[in-house]
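Structure assessment
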Amino acid sequence: MKLLKKFSYVILIILLLSSQVVIPDFVEEASAQSLKDYRTTLEELKQKYEESQDKKELTEEEVAQARDEVAKIAIEKEKLEEEIEKLEAEIVQLEKQISEKNKDMEDIIRYYQLSSTGEDAYLEYLFTSTDFTDFIYRMAIAEQLSDYNNSLIDDYTNLIKENEEKKEEVSKKIMQLEKKNKELEDKIIELSAELSTTIEGAETIEDEIARVEKKIKEYEKMYEFYKCEETMDYEACEAKGGESNLLPPGTAFYRPVVSGRVSSNWGSRSFILNGRPYSDFHYGIDLATSHGKNVYSAANGKVVEVINAKSQYNKTGKNVCGGNKIYIEHNINGVRYVTGYFHLATIKVKVGQVVSYETVIGTVGGTSAEYWDNCSTGAHVHFQVATGRFITYSNFTSNSFNPRKVLNVPSLGKSFSNRQTKY
Ligand SMILES: [Zn+2]
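Residues numbered from 1 in each chain as written. Predicted model: local features only at pLDDT ≥ 70, side-chain atom pairs only at ≥ 80, totals over all residues. Heavy atoms only, no water.

1. Quick word on the overall build of the chain
Looking only at helices and strands, one finds eight helices and 14 strands in the chain. Counting only residues that meet the buried cut, the chain has 38% of its 423 residues in that class. Long-range pairs, those at least 24 residues apart, make up 74% of the contacts in the chain with a sequence separation of at least 6. Per element, the accessible surface of the chain, about 24700 Å² overall, is 53% carbon and sulfur. (Helix = DSSP H or I, 4+ residues; strand = E, 2+ residues; numbered from the N terminus. Buried < 20%, exposed > 50% of the residue type's maximum accessible area, 1.4 Å probe, protein only. Contact = heavy atoms within 4.5 Å. Areas by Shrake-Rupley, 256 points an atom, 1.4 Å probe, with all protein chains shown as cover.)

Listed below in structure tokens is the structure:
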């Protein structure tokens, strides 16, 4: 009985312990584990770079063509608008001529009647005129003149009608041009978005190539030093240098800030940035908190990459999306993970540094004070987690998963005030 009791305690403890163990079922075999894998990754990146360059050129060409067309449309539109003005001026002129002719007609009628009151004038004429043939002559002339004027007025009226029709045609053309112009403007916006890197944390392929090349050089030295085969797992090779080279184990993930609010979830989202609508897939979870607050490593591990966007910006003038970034590798219950922390105001760790979940790695940024970061609108830390190891941003992102699977975080918009327990 006593033994059974003891046994059940052991079972209970095992159950309690196992409930703490986080090994998600989606964990797959990590890619790039040996020097050879790194070399393959480099080749793939170079190929991707060639392709992207070709695509970039094509996109740039398309943008240039669209801009050309927009410029041509503007000129054409201006011409058409001038044509409309001309047609309108002609209509005004013709209307003026018609009214002149109408006035002429009135004069002719007056001449013919010799007074403004028809029959009276005729009678008056009969009584006063001494030369009847003069009257007949006047009538004939008047008739001819009015016929002539009438046909002129008809001509003018027809011309006005023609001009009105032309004007309508030209207006239609202008409307078509405006529609085409709108289409082109939309296309330019879309293509320009393709050309710009607004994905949170994304690096250019050139940067990724440089990063992998640097890593290969480091590993080449290490592989040579420990006499490892090219295909040997780099961690196994590293371990030849002693236990201290291994990742410090951990059992759980902790929220990287002590307090905050979930401001953006993992997944598809739409948002407004610099007045323009964007939609993307958010590969992490955003934790909003005050600027300057400490950011901790989410678990025990080793810093594998530090990207100092501030110094890059000061050197090159190029600002990036995601700002200062830190990547840390972890061994949680035997499974390899990488965590990423973006939009940091400051960085407090170095590559190779062993950290615990209590190590302050940097401080929260993401405001306009981080002038080197072009895609954050408020103080927050972007926390992203992936299986495997860190090679490049693209690789990290393709291995990323919803942090909620390993991290206890409240729902969107909700706050927390410590690093692990229920909020
Ligand atoms: Zn984010």
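2. Overview of the pattern of salt bridges
This model, assessed by the stated rule, comprises 18 salt bridges. Here R39 ties to E220 by a salt bridge, and the two come within 2.6 Å at their closest N and O atoms. Placement of R39 in helix α2 (residues 35–113) and of E220 in helix α5 (residues 205–225) is noted, with a sequence separation of 181 residues between them. Notably, a salt bridge pairs K187 with E62, separated by 3.9 Å at the nearest N-O pair. In this pair, K187 sits in helix α4 (residues 132–195) while E62 sits in helix α2, placing the two residues 125 residues apart along the sequence. Since its relative accessible area comes to 36%, K187 is described here as partly exposed. For E62, a relative accessible area of 33% gives the class partly exposed. Each of D233, E235, E329, R336 and R389 takes part in one network of salt bridges that share partners. (Salt bridge = Lys/Arg side-chain N within 4 Å of Asp/Glu carboxyl O.)

3. Looking at unusual backbone geometry
You will see that N333, though not glycine, has its phi angle at about 50 degrees, which is positive. For N333, the location among the structural elements is in the loop between β8 (324–332) and β9 (335–347). Even without being glycine, H343 reaches a positive phi, approximately 65 degrees. Among the secondary structure elements, H343 is positioned in strand β9.

4. Some details on the pairing of strand β5 (residues 285–288)
Two faces make up the sheet, and in a regular strand the side chains alternate between them. Taking every second residue as pointing to the same face, both faces of β5 are buried, with I285 and L287 on one and D286 and A288 on the other. Sheet topology note: the strand β2 (residues 260–264)/β5 ladder contains three bridges and is antiparallel. Note that in β5 the partner of S264 across the bridge is D286. In the sheet, β5 pairs with strand β12 (residues 380–387) via four bridges, with the strands oriented antiparallel. Opposite D286, over in β12, you have H382 as the bridge partner. (Pairing = 2+ DSSP bridges.)

5. Thoughts on the confidence of the model for the chain
Confidence in the prediction for the chain averages 84 pLDDT; 85% of positions are at 70 or higher. At the low end of the mean pLDDT range in the chain sits helix α1 (residues 2–20), at 49; at the high end sits strand β6 (residues 294–296), at 98. Note that pLDDT drops below 50 for residues 11–24; the model gives that stretch 14 contacts with residues more than four away or on any other chain. A low-confidence stretch, residues 26–30 stays under pLDDT 50, and its non-local contacts, those more than four residues away or across chains, total eight contacts. (pLDDT = per-residue confidence, 0-100.)

6. Some thoughts on the nonpolar core
In this structure, F253, L287, V295, I326, Y337, Y341 and I361 are the most contacted members of the largest nonpolar core, which totals 29 residues. Broken down by secondary-structure element, the contributors of at least two residues to this core are β5, β8, β9, β11 (360–364) and β12. By residue number, the principal contributor to this core is β9, which donates four residues. Core analysis: the second largest hydrophobic core is formed by 15 residues, L42, M222, Y223 and I391 among them. (Core = buried A, V, L, I, M, F, W, Y, C linked by side-chain atoms within 4.5 Å.)

7. Some thoughts on the state of the cysteines
Across all of its chains, the model carries two disulfides by this definition. In this model, C228 is linked to C237 through a disulfide, with the two sulfur atoms separated by 2.0 Å. Every disulfide takes its handedness from the sign of the S-S torsion; for C228 and C237 that torsion is 90 degrees, giving right-handed. The pair formed by C228 and C237 is uniform in burial state, with each residue classed as buried. (Disulfide = S-S within 2.5 Å.)

8. Considerations on the side chain of H382
Tracing the chain through its elements places H382 in strand β12. Reaching out from H382, the side chain makes a polar contact with the side chain of D286 at a distance of 3.2 Å. Look past the residues within four positions of H382 in its chain and what remains in contact with it is E200, H282, Y283, G284, I285, D286, G340, Y341, F342 and H343. (Polar contact = N/O pair within 3.5 Å; in protein donor to acceptor, adjacent residues only side chain to side chain.)

9. Quick look at a negative patch on the surface
On the surface, a cluster of negative charge is contributed by E50, E51, D54, E57, E60 and E61. Relative to the assigned elements, E51 resides in helix α2. Residue class for E51 comes out partly exposed when judged on its relative accessible area of 48%. (Patch = residues over 30% accessible without salt bridge, like charges linked within 9 Å, V, L, I, M, F, W, Y side chains within 5 Å. Lys, Arg positive; Asp, Glu negative; His and termini not counted. Charge placed at Lys NZ, Arg CZ, Asp CG, Glu CD.)

10. Details of the side chain of R336
Structurally, R336 is set in strand β9. For R336, a relative accessible area of 13% gives the class buried. A polar atom in the side chain of R336 sits 2.5 Å from the side chain of E235. A polar atom in the side chain of R336 sits 2.4 Å from the side chain of E329. Those residues in contact with R336 that sit more than four places away from it in its chain are Y234, E235, L247, E329, H330, A386, T387, G388 and R389.

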